[in-house]
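As a plain string of letters, each chain reads:
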Amino acid sequence: MKFRLIRFVFLFLLSILLVTACNGTKTLTSHRESPPLRVAYIQWSGFFPMIIAQEKGFFTEQGVKVEPVYVENYITSLSDFSAGKYDGVTISVGSLMSIIGKTPDARVVLVTDQSAGGDAVVVQPNIQNVADLKGKRIGTKIGDFGELLVITMLERNGLTTDDVTLVNTEAEAIPARLQAGDLQAGQTWDPYISEAVKAGAKVLFSTKETPGLIPGVMVFRNNILINRPNDIQAFTRAWFQAVDYWKANPEKGNALIAKKFNIKPKEVSLDGLDLFSRQDNLKALTLGTTTESLHYTAKLYADYYIRTGGLSTAPDIQKLIDPSFVQQLK
């Protein structure tokens, strides 16, 4: 009898120990911290609030860990995002349409900026007007937003792509290829526009003439929005905090960015783009019938890619753009 009692007490104590251990394990698991949001960006001023938010501690202040990843090559940042290497990426709407077929879970959460001269067609100095491009070689990333900018330029001046030769070229390579004479014109963006101009090229056509055609956006994967909504909300708050800081303190903001790229502060500029505040976003994320509405611009690109074979079916624009994180900000 005594043996049975001892055995009962032993098993009772063992069961308490096991339950406590299991509960302890569950508690530890439920409180495990999420990894930092890995977000890729390139050297485009509209994406630089990422740097300010990180350097000023705005992400930490808003309660989210972020790992900004600078990628030198724009196309690489897109392919790596599609391959799942990043949770988010800064991207133009045109480029988003070029990858949406293989990255259907991409979702736009905010508009970073719109190009207002920061994207351009630069030409050799002997080219005087768009008509002079007939029979010439124009470099652009074919199947991307740059091609649509080139097409818009040609059509406004009575030409078509049949009148020129489009050469698939990444924006970073345009200055060198113009100087070498391999191309007579090329579509690129700053800082490569400035690089080309310093080498003797000139700007022939830019997004000053096409307002709203090339907006930049912040994109995250849908599973991140579903599983980590509080982190995305905090990211959005920190982003606009950085935008407001930069606008209010341009010299300090420029200094932070210059330090990141090891350049002089005077080389950092918002010239050529409109940096979007929260109020700008509320307007852009509203349905509309002009390029002031992101929905309209996204459909413009979707139709273009379907027409040129880049997309087989049109994406659901309403699903693609999620304005809720901007709308919920106070």
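My aim in this report is to walk through the structure given alongside it, one point at a time. (Residues numbered from 1 in each chain as written. Predicted model: local features only at pLDDT ≥ 70, side-chain atom pairs only at ≥ 80, totals over all residues. Heavy atoms only, no water.)

1. Notes on the pairing of strand 3 (residues 88–92)
Phase 1 of the analysis: Within strand 3, 5 of the 5 residues are buried, which leaves it mostly tucked inside the rest of the structure.
Phase 2 of the analysis: A two-sided burial pattern is seen for strand 3, the buried positions comprising G88, T90 and S92 on one face and V89 and I91 on the other.
Phase 3 of the analysis: Here 2 bridges tie strand 1 (residues 37–41) to strand 3, and the two strands are oriented parallel to one another. The partner of A40 across the bridge, within strand 3, is V89.
Phase 4 of the analysis: As paired strands, strand 3 and strand 10 (residues 215–221) are joined by 5 bridges and run antiparallel to one another. What sits directly across from S92, in strand 10, is G216. (Buried < 20%, exposed > 50% of the residue type's maximum accessible area, 1.4 Å probe, protein only. Helix = DSSP H or I, 4+ residues; strand = E, 2+ residues; numbered from the N terminus. Pairing = 2+ DSSP bridges.)

2. Here we look at the pairing of strand 7 (residues 165–168)
Phase 1 of the analysis: As judged from the 4 bridges shared by strand 6 (residues 137–140) and strand 7, these two strands associate in the parallel manner. By the bridge assignment for strand 7, G139 is matched with V167.

3. Description of the environment of L282
Phase 1 of the analysis: Along the polypeptide, L282 turns up in helix 12 (residues 278–284).
Phase 2 of the analysis: Note: C-alpha distance between L282 and A171 (111 residues apart in sequence) is 31 Å.
Phase 3 of the analysis: Sequence-distant contacts of L282, defined by excluding residues within four places in its chain, comprise V326 and Q327. (Contact = heavy atoms within 4.5 Å.)

4. Some words on the packing of aromatic side chains
The geometry of an aromatic ring pair is captured by the separation of the ring centres together with the interplanar angle, meaning the angle of the planes.
Phase 1 of the analysis: Considering all chains together, one arrives at 11 aromatic pairs under this definition.
Phase 2 of the analysis: Taking the centre distance of 5.4 Å and the plane angle of 80° together, the rings of Y74 and W189 count as edge-to-face. Of this pair, Y74 sits in helix 4 (residues 74–82) while W189 sits in strand 8 (residues 185–189), and the two are 115 residues apart along the sequence. Taken individually, Y74 and W189 each receive the classification buried, so the pair is uniform in this respect.
Phase 3 of the analysis: Taking 6.2 Å as the distance between ring centres and 20° as the angle between the ring planes, the aromatic pair formed by F235 and W239 counts as stacked. (Phe/Tyr/Trp six-rings, centres within 6.5 Å; stacked < 30°, edge-to-face > 60°.)

5. Regarding the environment of N168
Phase 1 of the analysis: Relative to the helices and strands, N168 resides in strand 7.
Phase 2 of the analysis: Sequence-distant contacts of N168, defined by excluding residues within four places in its chain, comprise T140, K141, I142 and R177.
Phase 3 of the analysis: Polar contacts involving the side chain of N168 include one to the main-chain amide nitrogen of I142, which spans 2.9 Å. (Polar contact = N/O pair within 3.5 Å; in protein donor to acceptor, adjacent residues only side chain to side chain.)

6. Let's talk about the nonpolar core
Phase 1 of the analysis: Ranked by internal contacts, the top residues of the largest apolar core, which has 96 residues, are M97, L133, F220 and F235.
Phase 2 of the analysis: It is helix 10 (residues 229–248) that provides the largest number of residues to this core, a total of 10 residues.
Phase 3 of the analysis: In contact with L133, other than residues within four places in its own chain, are V123, I127, I138, M153, D163, V164, A185 and L204.
Phase 4 of the analysis: Listed in part, the 9 residues of the second largest apolar core include V167, L178, L183 and A201. (Core = buried A, V, L, I, M, F, W, Y, C linked by side-chain atoms within 4.5 Å.)

7. Topic: the sheet that holds strand 7
The strands making up a sheet are joined through hydrogen bonds of the backbone, oriented either antiparallel or parallel.
Phase 1 of the analysis: What the 5 strands build is an open sheet, ordered 7-6-8-5-9; its pairing is mixed. Looking at which strands have only one partner, the edges of the open sheet turn out to be strand 7 and strand 9 (202–206). Averaged over all adjacent pairs, the angle separating strand axes in this sheet is 30°, with direction ignored. (Axes fitted to C-alpha atoms, helices over the stretch in contact; angles between N-to-C directions.)

8. Describing the environment of L311
Phase 1 of the analysis: Mapped onto the elements of the fold, L311 is located in the loop between helix 13 (294–308) and helix 14 (317–320).
Phase 2 of the analysis: Residue classification places L311 among the buried residues on the basis of a relative accessible area of 9%.
Phase 3 of the analysis: Taking the C-alpha atoms as reference, L311 lies 8.4 Å from I100; in sequence the two are 211 residues apart.

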